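Now for the letters of each chain:
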Amino acid sequence: MPLTSLEETRTTLWAESAAGRGDFAPFEVTYGQVAVFHGSSCRHYVPLNPTEHTRVSLDFRVGVEGYFNDRWSVNGTTADHTRRKIYV
């Protein structure tokens, strides 16, 4: 979820459409919009920002109760997959 304008920073998140496909494309979302993708399986990155403006975004993951596996990991990572409940 970008908090800055794509037009201002000219950079955004790029991801492949499916795991291992390698067909990277940009998410052309702007302030107030949200992009959704399977970030645990699909490779993704953000290119260097070519402007003097700072890109700001919020990244978060959502897990559905009953499907969360705290022993799951991606090969080569050392991330800690802890679980926290958030009430809205």
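Preceding this section is the structure that the text describes.
Only a predicted model underlies this, so the values are computations on that prediction, with no experimental measurement involved.

(A) Structural context of the sheet that holds strand β1 (residues 14-15). The strand order β2-β1-β3 describes an open sheet built from three strands, whose pairing is antiparallel. For this open sheet the edge positions go to β2 (25-26) and β3 (44-45), each flanked by a neighbour on one side alone. Two elements, β1 and β2, share two bridges in a ladder whose sense is antiparallel. Looking at the pairing, W14 lines up with P26 of β2.

(B) Quick look at the packing of aromatic side chains. All told, the structure shown has three aromatic pairs when counted by the stated rule. Considering the side-chain rings of F24 and Y45, the 5.5 Å spacing of their centres and the 65° angle between planes classify their relative orientation as edge-to-face. Note that F24 is positioned in the loop between β1 and β2 and Y45 in strand β3, a separation of 21 residues in sequence. Among the aromatic residues, ring-to-ring pairing joins W14, F24 and Y45 into one connected group.

(C) Representation of the pattern of salt bridges in the model. Within the structure shown, the criterion is met by one salt bridge. The salt bridge involving R43 is made with E16; its shortest N-O contact spans 2.9 Å. With R43 in the loop between β2 and β3 and E16 in the loop between β1 and β2, the pair connects residues that are 27 residues apart, well separated along the chain. Looking at E16, the relative accessible area reads 3%, which means it is buried.

(D) Seen up close, a nonpolar patch on the surface. A cluster of nonpolar residues, M1, L3, Y31, V34, V36, V56, L58, F60 and V62, forms a patch on the protein surface that exposes about 890 Å² of accessible area. Relative to the assigned elements, V62 resides in the segment after β3.

(E) Quick look at the environment of W14. If you trace the backbone, W14 turns up in strand β1. Counting along the chain gives 33 residues from W14 to P47, while the straight-line C-alpha distance between them is 7.9 Å. Leaving out residues up to four positions away in the same chain, W14 has contacts with F24, A25, P26, R43, H44, Y45 and P47.

(F) Geometry of unusual backbone geometry. The phi torsion at R10 lies on the positive side, around 55°, for a residue other than glycine. Residue placement: R10 occurs in the loop between α1 (6-9) and β1. On the basis of relative accessibility, which here comes to 56%, the residue R10 falls in the exposed class.

The rules we used
Residues numbered from 1 in each chain as written. Predicted model: local features only at pLDDT ≥ 70, side-chain atom pairs only at ≥ 80, totals over all residues. Heavy atoms only, no water. Pairing = 2+ DSSP bridges. Helix = DSSP H or I, 4+ residues; strand = E, 2+ residues; numbered from the N terminus. Phe/Tyr/Trp six-rings, centres within 6.5 Å; stacked < 30°, edge-to-face > 60°. Salt bridge = Lys/Arg side-chain N within 4 Å of Asp/Glu carboxyl O. Buried < 20%, exposed > 50% of the residue type's maximum accessible area, 1.4 Å probe, protein only. Patch = residues over 30% accessible without salt bridge, like charges linked within 9 Å, V, L, I, M, F, W, Y side chains within 5 Å. Areas by Shrake-Rupley, 256 points an atom, 1.4 Å probe, with all protein chains shown as cover. Contact = heavy atoms within 4.5 Å.

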